[in-house]
Amino acid sequence: MRAFKPDPVPREKIEELLKLAVQAPSAINLQPWEFTVVVGEERERLSRRLIKAYKEKRISCGPGNVKPLPSYVTARGARSIDEMKPLIAEMGSDFDRYINEGSCNFYGAPVAIFLCIDDAFSKANFVDIGITLGYLLLAAHSMGLWTCPIGLITSYEDEIKEVLSIPEEKRVIISVAVGYPNQDAPINRFKAGRESLEKLVRWID
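Here the residue numbers are simple positions, counted from 1 along each chain's written sequence. The predicted origin of the model limits local features to residues at a pLDDT of at least 70 and limits the giving and counting of side-chain atom pairs to 80 or more, whereas totals for whole chains, interfaces and linings rest on all residues. Side-chain descriptors were evaluated using all non-hydrogen atoms of the structure, hydrogens and water having been removed beforehand.

Asks: Teacher, can you tell me more about the overall build of the protein here?
Replies: Strands here are runs of E lasting at least two residues and helices are runs of H or I lasting at least four, both read from the DSSP assignment and numbered beginning at the N terminus. Each helix and strand counted, the protein has seven helices and four strands in total. When the helices and strands of the protein are listed from N to C terminus, the series reads α-β-α-α-α-β-α-β-α-β-α. Radius of gyration means the value over C-alpha atoms here, while the globule rule gives 2.2 Å times the residue count to the 0.38 power. Here the protein has a C-alpha radius of gyration of 18 Å; the compact-globule value for 205 residues is 17 Å, and the two agree. The contact criterion used throughout is that any non-hydrogen atoms of two residues lie within 4.5 Å. The contacts of the protein with a sequence gap of at least 6 include a subset with a gap of at least 24, amounting to 83%. Here the protein displays about 12,000 Å² of accessible surface, and carbon together with sulfur accounts for 54% of that area. Mean positive and mean negative side-chain charge positions of the protein (27 and 28 charges, respectively) differ by 4 Å. Note on areas: Shrake-Rupley, 1.4 Å probe, and residue coverage restricted to the protein chains presented here. When charges are counted, Lys and Arg are positive and Asp and Glu negative, with His and the chain ends excluded. Throughout, a charge is located at the NZ atom of Lys, the CZ atom of Arg, the CG atom of Asp or the CD atom of Glu.

Here it is in structure tokens:
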């Protein structure tokens, strides 16, 4: 989902969503996740700051790989981009601007949730953040809410910490846009494809 209605989500609904998300398992039950929820004018103020930072730094969305990816992996991303471009063009924008500035604006969603972890934890505990993120996304869908995980914002972690007064020892891992879908937006006709199990699963008997 990359276009949301501005309709506010009741705080009680977000609290229920987070109660479900934190039911996720974690190593030794450490529950390392911490959430910062931003709504209303504060969400708007943060978006303005992030868009300004993006225009200054020009750090764009990308896979963040540390070495060249296999061609079959990059082909998946290329297919998605090719399918999204004409839909974004219908909205009078171009792909790079819509995806990058849209990420900084949480695609218009009224709620932005930041998942953080104390820097005392190693990267191994990022798996726990991923698990609770999965719980959050599925729980939101069951509640009639739509979401979009946004990783680009971690490139602007300093700005986020300053605006939201997040302590220096906390690491911002990912954000999630949460709200109600704008079904009239062409981009929301995009459905990401999935590989068949034959290409993803090895069976050892």
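Once the structure has been displayed, the description carries forward.
Asks: I'm lost on the nonpolar core in this one. Help?
Replies: The tendency in soluble globular proteins is for nonpolar side chains to be buried side by side. Grouped together as the largest cluster of nonpolar side chains are 36 residues, with contacts concentrated most on Phe-106, Phe-114 and Ile-160. Counting only elements with at least two residues in this core, the list comes to helix H2 (40-57), helix H3 (71-90), helix H4 (95-104), strand S2 (111-118), strand S3 (146-150), helix H6 (157-164) and strand S4 (170-179). Sequence-distant contacts of Ile-160, that is, excluding residues within four places in its chain, are made with Leu-46, Leu-50, Phe-114, Ile-153, Ser-165, Ile-166 and Val-172. Throughout, nonpolar core names a set of buried Ala, Val, Leu, Ile, Met, Phe, Trp, Tyr and Cys residues whose side chains join them through atoms within 4.5 Å. When accessible area is computed with a 1.4 Å probe and restricted to protein chains, residues below 20% of their type maximum are described as buried, those above 50% as exposed, and intermediate ones as partly exposed. Judged by nonpolar contacts, the second largest core, of 21 residues, contains Ile-14, Trp-33, Val-111 and Ala-139.

Asks: Would you mind going over a nonpolar patch on the surface with me for this structure?
Replies: To count toward a patch, a residue needs a relative accessible area over 30% and no salt bridge; like charges are then connected within 9 Å, while nonpolar side chains (Val, Leu, Ile, Met, Phe, Trp, Tyr) are connected within 5 Å. What makes a salt bridge here is a side-chain nitrogen of Lys or Arg within 4 Å of a carboxyl oxygen of Asp or Glu, nothing more. Residues Leu-197, Leu-200, Val-201 and Trp-203 make up a contiguous nonpolar surface patch of about 500 Å² in total accessible area. With respect to the helices and strands, Leu-197 occurs in helix H7 (residues 197-200).

Asks: I tried to follow the environment of Leu-164 on my own but got confused; where do I start?
Replies: Relative to the helices and strands, Leu-164 is located in helix H6. Leu-164 gets classed as buried once you look at its relative accessible area, which sits at 16%. For the pair Leu-164 and Pro-86, spaced 78 residues apart in sequence, the C-alpha separation works out to 36 Å. Once residues lying within four places of it in the same chain are set aside, the contact partners of Leu-164 are Thr-36, Val-38, Leu-46 and Phe-114.

Asks: It is not clear to me how the packing of aromatic side chains should be interpreted in this structure. Could you clarify?
Replies: Each pair of aromatic rings is reported with the distance of its centres and the angle of its planes. Two aromatic rings, drawn from Phe, Tyr or Trp (for Trp, its six-membered ring), form a pair once their centres lie within 6.5 Å of each other, and the interplanar angle then sorts them: stacked below 30 degrees, edge-to-face above 60, tilted otherwise. With the rule as written, the count across this model stands at two aromatic pairs. Relative to Tyr-107, the ring of Tyr-98 has its centre 5.8 Å away and its plane inclined at 35 degrees; by these criteria the two rings are tilted. On the basis of relative accessibility, which here comes to 15%, the residue Tyr-98 falls in the buried class. Residue classification places Tyr-107 among the buried residues on the basis of a relative accessible area of 8%. Measuring from ring centre to ring centre gives 5.9 Å for Phe-106 and Phe-114, while their planes differ by 85 degrees; the resulting arrangement is edge-to-face. An identical accessibility class is assigned to Phe-106 and Phe-114; each is buried.

Asks: Got a minute to help me understand H6 in this structure?
Replies: Every α-helical turn comprises 3.6 residues, leaving residues that sit three or four positions apart pointing alike. All of the buried residues in H6 are Glu-159, Ile-160, Lys-161, Val-163 and Leu-164. Looking at the buried residues of H6, the elements they touch are strand S1 (34-39), H2, S2 and S4. Two residues or fewer after H6 comes Ser-165, characterised by a positive phi angle close to 55 degrees.

Asks: Looking at this structure, I do not really get the packing of helix H1 (residues 11-21) against helix H5 (residues 126-142). What am I missing?
Replies: Helix-helix packing is described using two parameters, namely the angle between the two axes and the distance between the axes. Here, axes are lines fitted to C-alpha atoms. For helices the fit covers the stretch in contact, and angles between N-to-C directions go from 0 to 180 degrees. Orientation of H1 relative to H5, taken along the N-to-C sense of each, is 135 degrees, at an axis distance of 8 Å. In terms of orientation, H1 lies oblique with respect to H5. Here H1 runs over H5; the crossing is right-handed. Across the interface between the two elements, Leu-17, Leu-18, Leu-20 and Ala-21 of H1 pack against Thr-132, Tyr-135, Leu-136, Ala-139 and Ala-140 of H5. Should an angle fall under 35 degrees it is called roughly parallel, over 145 degrees roughly antiparallel, and 65 to 115 degrees roughly perpendicular, with every other angle called oblique. Note on convention: the crossing is left-handed when the near helix lies turned anticlockwise from the far helix by less than a right angle, right-handed when the turn is clockwise.

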